[in-house]
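Here's the letter readout for the chains.
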There are 2 protein chains.
Amino acid sequence: MTAVELIEKKRDGGTLSDEEIRWLIRAYTADEVADYQMAAMLMAIFHHGLSVEELAVWAEAMLHSGDTLDFSDITAPKVDKHSTGGVGDKVSIALAPMVAACGVAVPMMSGRGLGHTGGTLDKLEAIPGFRTQVDPSEFHHLLKTIGMVMGGQTETLVPADRRLYALRDVTGTVPSIPLISSSIMSKKLAEDIDALVLDVKVGRGAFMKQEDQARILAETMVGIGSHHDTEVVALLTAMDEPLGTAVGNANETAECIELLKGDAPPDITEITFRLAEEMLVLGGVADSLEDARMQLEATITDGTALEKLEQVIVAQDGDPAVLEDYSLLPQPPQFVELEAPREGWVTMCDARRIGVAGVQLGGGRLRKEDEVDPAVGIWVFAKEGEQVEQGEPLARVGWRHGDRLGAAMEILEDAWAIGDEAPEPKPLIMGKVR
Amino acid sequence: MTAVELIEKKRDGGTLSDEEIRWLIRAYTADEVADYQMAAMLMAIFHHGLSVEELAVWAEAMLHSGDTLDFSDITAPKVDKHSTGGVGDKVSIALAPMVAACGVAVPMMSGRGLGHTGGTLDKLEAIPGFRTQVDPSEFHHLLKTIGMVMGGQTETLVPADRRLYALRDVTGTVPSIPLISSSIMSKKLAEDIDALVLDVKVGRGAFMKQEDQARILAETMVGIGSHHDTEVVALLTAMDEPLGTAVGNANETAECIELLKGDAPPDITEITFRLAEEMLVLGGVADSLEDARMQLEATITDGTALEKLEQVIVAQDGDPAVLEDYSLLPQPPQFVELEAPREGWVTMCDARRIGVAGVQLGGGRLRKEDEVDPAVGIWVFAKEGEQVEQGEPLARVGWRHGDRLGAAMEILEDAWAIGDEAPEPKPLIMGKVR
């Protein structure tokens, strides 16, 4: 078997055999297939796709390219959640403690900000002292004792994805449904979970702009899970405007704490509950979504979800005092407000532009090696469908460097549109795939 | 401008601007664009092609990636010939002296065997002492004084092609018309020629199996020439069966010498004349193809073509005695004959299989680093349309190593088909594109 033969087969629209796919992923991980050969293969896959069977084997081969976790001694059901990435999407930090407080273990391995979308690790690191690097034995211990853990991916897990992900980024092969879905699913399935809930974002601020494409992605990932005997439920959720008020790192973390106190905006609260409900049902601790919602609401009212987050922060060396005093989180040195240029109805509040502006402020990375500034951020006051007066603040911007503020404000000015009539309300949850 | 932006543009079927193409080729040659990025670009081009304008700029950019030759002080018209590669295709070694003897300078930079097809350099090196490595100043001097030179490509000429060619070979991106045509044309145009004749092979033994594909390739290359203000004529010629009798290195060289004495088989003689006629007309030394043929025939009858070859052999350190004594060329130590299994008409004499068998014997390379055995080869006695008796030799095989003979004979046994009726005769020259 040679790499060229397999590339030619896929280039001409052929189907790779199980053996060929396993050989390719193994040989690539072992450096026997060169990056330039895999780049040609990825571009061929971009054009011809992978069949359901090819994709299942591809994801499995990636999953087995390195270590996998073994949580078989943990009796609690293990369910994780993954989002395809959005703006203001701080769901994980509130969801995991709520779900864990209901008795479902959440082995959450998170990522960093990518493009204009934020990353859970960056947000958590806004908590003074919080350590996201957790080695496998500690990860296991925390999951067993606390019922949740929030860390980064370890080096030895799914090494094929680490290389493929970096290669796709520099070869124009990122937006390919089989490549996206196998990347996500191989990492999640390596976590030894019983079930998985996917939040597949759709809209201006998402990688998938169109619902039909997002649905295909969701179905593809559910299919990979099914081949792996892991139950997967995907919700298609709106990402035209940011979720909640906060876009940044420290401010998003604060909003999560607010959520656990029952004080967060309705959209971020609702989506967190909906995803958590699915996890409880999949984990078998709730009979129905309604039952799950009652249990989850109880974790807010009785404070057990907040306690769970406190336990995690303490275990991962963070300062739990932030839970009561948000001023202990990094604060932007200066603020400026973006005012509505006219009165009317907000017809657009563009998540992508707001996300890009957040990156410009320093809240994300323009280059891979950039450090993230946890303090800066955007507070979004006027969302789609809201009525505003002329001069009313649309957003508040917390900034540190003037040049970066300039770039951010230029983008933000185009992020809102104000019209004469109220727009049609759009649903937050657009569909469910299982 | 970044490589990823350009890859994404081509990936999505877009058109690259002149500036983008020039940047890409320059940056790739300068190692600023990585092989894996170019591999993804090549696979995107495989799927979406290049427009006529893109291709013209692409070929020009390749041509200018290194040194170009300057023969402006040579007053003779400069015309070269290029073949897309066939089996038994020894045209160049006879054609160049004939054309040069008519007053057209032929700056022939040749290649080595590729796959199952032979290469002029390998054939020339069968002549004891013959040196195919000719540096630019000697190349210039020989072209000026003798009117022809036959050497390999220099390192500094079209470095972009050298890298792209090697990359295509290992990334499954060889059979792409824009990539094939820009590779050929950039190298030929760098020779500072006034005009070019292309021999585009069609059939079982050619890279292009179908006439329509070959015609597109021919039109594409003629188009690149036209953008470069260089007149190009392409003949589409049959490559279902080998040309002439000899397939190998020493035996093909001997057949070329025979051709210059007027004693070669009709097919190889005819195709050599037809290509040479076009060169004389393009070079302006003949008014018509008929006029050209008369001049070319005179170079055979008066011996000036053979003298020209002798001059070149002497200048390039070869032993000119081979012209009269073919036994000075390397001889295979042993021979075996392949006999017709039945009587009838030869309906197939498969150039590809015979070419592959020649490589197996050691006449070509199984791996890049292999040395070529100049002595071994195949003498093809029965071509398509000929009647044979049972047991009559179809071919004679000159061999050195028994294991290699075994592999070659296994392939050769399937290279002939004998039927009950004479097949329809097929034309040797299938068309002309200009």
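Residues numbered from 1 in each chain as written. Chains lettered and ligands numbered in written order. Predicted model: local features only at pLDDT ≥ 70, side-chain atom pairs only at ≥ 80, totals over all residues. Heavy atoms only, no water.

Focus on the overall build of chain A
Short version of the rule: Helix and strand labels come from DSSP, where a helix needs a run of H or I of at least four residues and a strand needs a run of E of at least two; each type is numbered from the N terminus. Note on method: radius of gyration uses C-alpha positions; expected globular size equals 2.2 Å times residues raised to 0.38. Exposure is judged per residue with a 1.4 Å probe applied to protein chains only, and the accessible area is read against the type maximum: over 50% gives exposed, under 20% gives buried, and values in between give partly exposed. Whether two residues are in contact is decided by their heavy atoms: any pair within 4.5 Å suffices.
Counting its secondary structure elements, chain A contains 16 helices and 13 strands. Expected size for 434 residues packed as a compact globule is a radius of gyration near 22 Å; at 22 Å, chain A falls within 12% of this value. Principal-axis analysis of the C-alpha atoms gives chain A an extent of 65 × 45 × 40 Å. Going through the 434 residues of chain A one by one, you find that 56% of them count as buried. When contacts within chain A are restricted to residue pairs at least 6 apart in sequence, those whose partners lie at least 24 apart make up 78%.

Structural notes on the interface of chain B and chain A
The figure often quoted for interface size is the accessible area lost as the parts come together. What counts here: Once two parts are put together, the accessible area they lose, assessed with a 1.4 Å probe and summed over both, is termed the buried area. Note on definitions: salt bridges are taken to be side-chain nitrogens of Lys or Arg within 4 Å of carboxyl oxygens of Asp or Glu. Pairing of N or O atoms within 3.5 Å defines a polar contact, subject to two protein rules: one partner must be a possible hydrogen donor and the other a possible acceptor, and residues neighboring in sequence count only if both atoms are side-chain atoms. For this classification, Asp, Glu, Lys and Arg are treated as charged, while Ala, Val, Leu, Ile, Met, Phe, Trp, Tyr, Cys and Pro are nonpolar and the rest, including Gly, are polar.
Taken together, the contacts link 22 residues of chain B with 22 residues of chain A. Summing both sides of the interface, chain B and chain A together bury roughly 1600 Å²; the carbon and sulfur share of this comes to 72%. Connecting chain B to chain A are zero salt bridges. At the boundary of chain B with chain A, the tally comes to eight residue pairs in polar contact (both at pLDDT 80 or more). Across the side of chain B that touches chain A, the residue classes tally to eleven nonpolar, six polar and five charged.

Some remarks on the relation of the copies chain B and chain A
The criterion, for reference: C-alpha atoms of residues with pLDDT of at least 70 in both copies form the basis for the least-squares superposition of the copies.
Between the two copies, chain B and chain A, the superposition gives an RMSD of 0.1 Å; the rotation angle is 179 degrees and the shift along the axis is 0.0 Å. Interpreted geometrically, this transformation is the action of a two-fold axis. Rotation axis and chain B: the residue whose C-alpha lies nearest the axis is Tyr 36 of chain B, separated from it by 1.9 Å. Comparing interface residues between copies, 100% of those in chain B also sit at the interface in chain A, which points to an isologous, same-surface contact.

Points about a negative patch on the surface
All names here are of chain A. Applied cut-off: Only residues whose relative accessible area exceeds 30% and that form no salt bridge are eligible for patches; like-charged ones are grouped when within 9 Å, while nonpolar side chains (Val, Leu, Ile, Met, Phe, Trp, Tyr) are grouped when within 5 Å. Only the protein chains shown count as cover for residues, with accessible areas throughout obtained via the Shrake-Rupley method and a probe of 1.4 Å. Only four residue types enter the charge count: Lys and Arg as positive, Asp and Glu as negative, with His and the chain ends excluded. Taken as the charge location is NZ of Lys, CZ of Arg, CG of Asp or CD of Glu.
Taken together, the side chains of Glu 343, Glu 386, Glu 389 and Glu 392 make up a negatively charged region of the molecular surface. Within the fold, Glu 392 resides in the loop between strand 10 (387–388) and strand 11 (393–399). Among the residues examined, Glu 392 registers a relative accessible area of 31% and is labelled partly exposed.

Let's talk about the domain arrangement of chain A
All names here are of chain A. Convention followed: These domain limits were set by an automatic method or by a database of domain assignments.
One can read the domain layout of chain A as domain 1 (3–49), domain 2 (79–323) and domain 3 (330–419). The straight-line distance from the C-alpha centre of domain 2 to that of domain 3 is 24 Å. Counting residues at the interface gives 25 residues for domain 2 and 23 residues for domain 3. Taken together, both faces of the contact between domain 2 and domain 3 bury some 1900 Å²; the carbon and sulfur share is 54%. The largest contributions to the domain 2 side of the interface with domain 3 come from Arg 204, Glu 241 and Thr 245, which together make up 28% of the buried area. Across the domain 2-domain 3 interface, the total number found is four salt bridges.

Brief notes about unusual backbone geometry
At Val 158 of chain A, a position not held by glycine, the phi torsion is positive, near 45 degrees. Along the polypeptide, Val 158 of chain A turns up in the loop between strand 3 (148–152) and helix 8 (159–170). Located in the positive-phi region is Asp 31 of chain B, a residue other than glycine, with phi close to 65 degrees. A relative accessible area of 58% places Asp 31 of chain B in the exposed class.

Focus: the packing of aromatic side chains
Where we set the bar: Ring pairs shown here join Phe, Tyr and Trp side chains whose ring centres sit within 6.5 Å, with only the six-membered ring taken for Trp; geometry is labelled stacked below 30 degrees between planes, edge-to-face above 60, and tilted in between. Counting as a charge over the ring demands two things of the Lys NZ or Arg CZ atom: a distance within 6 Å of the ring centre and an angle within 35 degrees of the ring normal.
Inspection of the entire model under this criterion finds four aromatic pairs over all chains. Here Phe 71 of chain B and Phe 139 of chain B contribute two aromatic rings whose centre-to-centre distance is 6.1 Å and whose plane-to-plane angle is 15 degrees, an arrangement assigned as stacked. Highlighted residues: Phe 71 of chain B in the loop between helix 4 (52–63) and strand 1 (79–83) and Phe 139 of chain B in helix 7 (residues 136–146), separated in sequence by 68 residues. Phe 139 of chain B shares its class with Phe 71 of chain B; the two are buried. The lysine or arginine in question, Arg 163 of chain A, covers the ring of Tyr 28 of chain A, its NZ or CZ lying 4.0 Å from the ring centre. Above the plane of the ring of Phe 335 of chain B lies Arg 396 of chain B, whose end atom (NZ or CZ) is 3.9 Å from the centre.

Quick notes on the pattern of salt bridges
Residue and element names in this part refer to chain B. If you walk through the whole model with that rule in mind, you get 67 salt bridges over all chains. The salt bridge partner of Glu 125 is Arg 112, with a shortest N-O separation of 2.8 Å. Within this pair, whereas Glu 125 is found in the loop between helix 6 (120–124) and helix 7, its partner Arg 112 is found in the loop between strand 2 (106–110) and helix 6, the two being separated by 13 residues in sequence. Note on Glu 125: relative accessible area 33%, which makes it partly exposed.

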